[in-house]
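As a plain string of letters, each chain reads:
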Amino acid sequence: MSLVDQIRAKAKMNPKTVVLPESYDERMLFAAQQVMEQGLAKIVILGNKTEVQNIATAKGINLSGVEILEPATAPKLAAYVDSLVELRKSKGLTREEAEKLLTAKDNLYFAGMMVREGDADGEVAGATGTTGDVLRAAFQTVGTAPGIKTVSSFFLMITKTPSFGENGILLFADCAVNPNPDAQALAEIAVATARNCKSFLDVPARVAMLSFSTKGSASHPDADKVLKALEIAKGIDPMMQIDGELQADAALLPKVGEKKAPGSTVAGKANVLIFPDLDAGNIAYKLVERVAGAEAVGPIIQGLAKPVNDLSRGCSVEDIVNVVAITAVQAQG
Ligand SMILES: CC(C)(COP(=O)(O)OP(=O)(O)OC[C@H]1O[C@@H](n2cnc3c(N)ncnc32)[C@H](O)[C@@H]1OP(=O)(O)O)[C@@H](O)C(=O)NCCC(=O)NCCS
Ligand SMILES: CC(=O)OP(=O)(O)O
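A quick note: this is a predicted structure, and the numbers were derived from the prediction, not measured.

Trainee: Which parts of the structure should I look at to understand the sheet that holds strand 10 (residues 295-302)?
Mentor: Adjacent strands of a sheet form backbone hydrogen bonds with each other and so pair up, either parallel or antiparallel. An order of 8-7-9-6-5-10 is seen for the six strands of this open sheet, with the pairing classed as mixed. Both edges of this open sheet fall to strand 8 (241-246) and strand 10, since each of them pairs with a single strand only. Averaged over all pairs of adjacent strands, the angle between strand axes in this sheet comes to 20°, irrespective of strand direction. Bridge count between strand 5 (residues 152-158) and strand 6 (residues 169-173): five bridges; the pairing is antiparallel. For L156, the partnering residue across the bridge sits in strand 6 and is L171. Helix 8 (residues 183-201) contacts strand 5, strand 6, strand 7 (206-210), strand 8, strand 9 (272-274) and strand 10 of the sheet and is inclined by roughly 150° relative to strand 6. The sheet contacts of helix 9 (residues 221-236) involve strand 7 and strand 8, and relative to strand 8 the element is tilted by about 170°.

What follows is the structure, encoded as structure tokens:
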């Protein structure tokens with residue numbers, strides 16, 4: 001069974017409620033229909049009922065079983081306003097501003113409050129909204145998990161080359177959240193992604209801290225940052241298999257790994273690739289997806305108190321269904 005099929009099967013075993021705020025994007029409605037038909041999750045769509053039904057009718061989408069909730073008239077709006085004002089009181093958020101956020105057309109704050117308050121188990125957005133908008137709303141409503149400072153993201157990259165990573169599957173991080181992580185943030189990204197390698201692939205992580213340098217082949221502050229992150233990550237989780245700084249070829253190809261980083265337990269067999277910044281991570285995942293034809297599942301957000309996942313605006317309906325299934329599985333705990 002493929003990894004995606006395994007995730008879908010797990011989601012079906014204990015269907016959770018996932019809220020989709022972007023009802024005005026027809027891909028979300030097609031995805032809602034498929035999720036319901038396959039029993040992967042229960043779906044709540046946010047938006048004006050008539051408008052949603054009109055799009056569904058025009059496109060031949062069957063939304064039976066899907067709950068459509070209109071934030072502006074929702075019975076819990078007043079309670080969400082109270083909670084959001086309380087949450088953001090140190091930032092001086094007024095009731096008027098909170099109500100405006102909670103009834104905004106993108107529905108992102110309302111969806112976040114539903115997740116926070118347990119009225120939904122998770123959220124998927126980003127087919128239309130930018131990652132920045134999706135994340136900012138999630139930070140302010142759902143918040144970070146206890147003990148977490150840096151929220152980040154990873155992609156499950158399902159490549160066509162079984163010799164890479166775990167039978168062709170690699171985790172790439174961070175490809176969506178932190179533009180320029182310092183050494184501490186980079187270390188936290190590595191540790192969180194290693195833990196998700198275990199939960200999603202059920203194998204121990206072999207983490208490569210990527211750079212343009214391998215083991216001192218270049219001398220530059222950017223390579224020094226990666227080395228510092230490596231040391232911090234080892235301090236956080238001494239049992240983790242992690243090495244750096246490594247170039248991508250040294251991380252992935254045994255022959256190159258042996259030559260450039262002899263004796264490394266990770267070089268040549270990494271299954272988790274940690275990129276030094278978001279330029280590298282975001283560009284790399286899109287190139288591997290589009291040029292090498294890999295399936296890119298994500299970005300899967302890690303470090304929030306409850307699951308909220310983002311999409312690429314270029315996502316397909318199938319991508320949305322997969323991310324809903326992942327969100328439902330994350331919500332199972
Ligand atoms: C994540 C992102 C939206 C935060 O941007 P921002 O709002 O300008 O960030 P700020 O530094 O002003 O912080 C705003 C709040 O978010 C929090 N925050 C920012 N980044 C965070 C992170 N990685 N983890 C946890 N909290 C974070 C800050 O602590 C702050 O909280 P506060 O309002 O309670 O004080 C921004 O870094 C971003 O746009 N990232 C790139 C997204 C992107 O375009 N990805 C590529 C496509 S997928
Ligand atoms: C994850 C990502 O790159 O998203 P988008 O393509 O929407 O910017």
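The discussion continues.
Trainee: Can you walk me through unusual backbone geometry in this structure?
Mentor: Across the chain, the bulk of peptide bonds are trans and the bulk of non-glycine residues have phi less than zero. Going from G244 to E245, the amide bond is cis rather than trans, its omega being -15°. Between G298 and P299 the backbone carries a cis peptide bond, its omega angle lying at 0°. The phi dihedral of N107 falls on the positive side, at around 60°, and the residue is not glycine. Residue placement: N107 occurs in the loop between helix 5 (95-102) and helix 6 (108-116). Taking relative accessible area as the criterion, N107 reaches 5% and is therefore assigned buried. Not every positive phi belongs to a glycine, and K215 is a case in point at roughly 50°. Secondary-structure assignment places K215 in the loop between strand 7 and helix 9.

Trainee: Please clarify how the UniProt feature "domain: Phosphate acetyl/butaryl transferase" (unreviewed entry) in the chain should be interpreted in this entry.
Mentor: Annotation from UniProt places "domain: Phosphate acetyl/butaryl transferase" (unreviewed entry) at residues 3-328. The span residues 3-328 carries 45% helix and 17% strand; its end-to-end C-alpha distance comes to 15 Å.

Trainee: Could you clarify how one ought to interpret the pairing of strand 5 in this entry?
Mentor: If a strand is regular, its side chains alternate between the two faces of the sheet. Within strand 5, six of the seven residues are buried, leaving the element largely enclosed by the surrounding structure. Judged from the six bridges that link them, strand 5 and strand 10 form a sheet pairing that is antiparallel. The residue of strand 10 that forms the bridge with F154 is I300.

Trainee: How should the site of ligand 1 be read in this particular structure?
Mentor: The local shell around ligand 1 holds 17 residues, among which K91, R136, V151, V177 and N178 are the closest. A distance of 2.8 Å is found between a nitrogen atom of ligand 1 and a backbone nitrogen or oxygen belonging to V151. Between A176 and ligand 1, the recorded distance is 2.8 Å, taken from a backbone N or O atom to a nitrogen atom. Within the complex, 57% of the 940 Å² of free accessible area of ligand 1 lies under protein. Those elements that place two or more of their residues in the shell around ligand 1 are helix 7 (131-141) and helix 12 (278-290). Looking at the shell around ligand 1 residue by residue, the classes come out as seven nonpolar, six polar and four charged.

Rules used throughout
- Per chain, residue numbering runs from 1 following the sequence as it is written.
- Chain letters start at A and ligand numbers start at 1, both assigned in the order the entries are written.
- In view of the model being predicted, local features appear only for residues whose pLDDT reaches at least 70, and side-chain atom pairs are presented and counted only at 80 or more, with totals across whole chains, interfaces and linings using the full set of residues.
- For the side-chain quantities, the full set of heavy atoms in the structure was used; hydrogens and water were omitted.
- Strand pairing requires that DSSP identify at least two bridges connecting the strands.
- Helix and strand definitions follow DSSP, with helices as H or I runs of at least four residues and strands as E runs of at least two, each counted in order from the N terminus.
- Working convention: axes come from line fits to C-alpha atoms, limited for helices to the stretch in contact. Angles between N-to-C directions cover 0 to 180 degrees.
- Should any heavy atoms of two residues lie within 4.5 Å, those residues are considered in contact.
- Relative accessibility under 20% of the residue-type maximum defines a buried residue, over 50% an exposed one, and the middle range a partly exposed one, all with a 1.4 Å probe and only protein chains included.
- UniProt positions are given in the numbering used here, feature names are shortened, and annotations may be inferred rather than shown by experiment.
- Think of it this way: one heavy atom of a residue within 4 Å of a molecule or strand is enough to make that residue near it.
- Polar contact is the term for a pair of N or O atoms within 3.5 Å; when the atoms are in protein, one must be able to donate a hydrogen and the other to accept it, and sequence-neighboring residues count only if both atoms are side-chain atoms.
- Computed with the Shrake-Rupley method and a 1.4 Å probe, the accessible areas treat only the protein chains shown as cover for residues.
- Three classes are used: nonpolar for Ala, Val, Leu, Ile, Met, Phe, Trp, Tyr, Cys and Pro, charged for Asp, Glu, Lys and Arg, and polar for all others, with Gly counted as polar.

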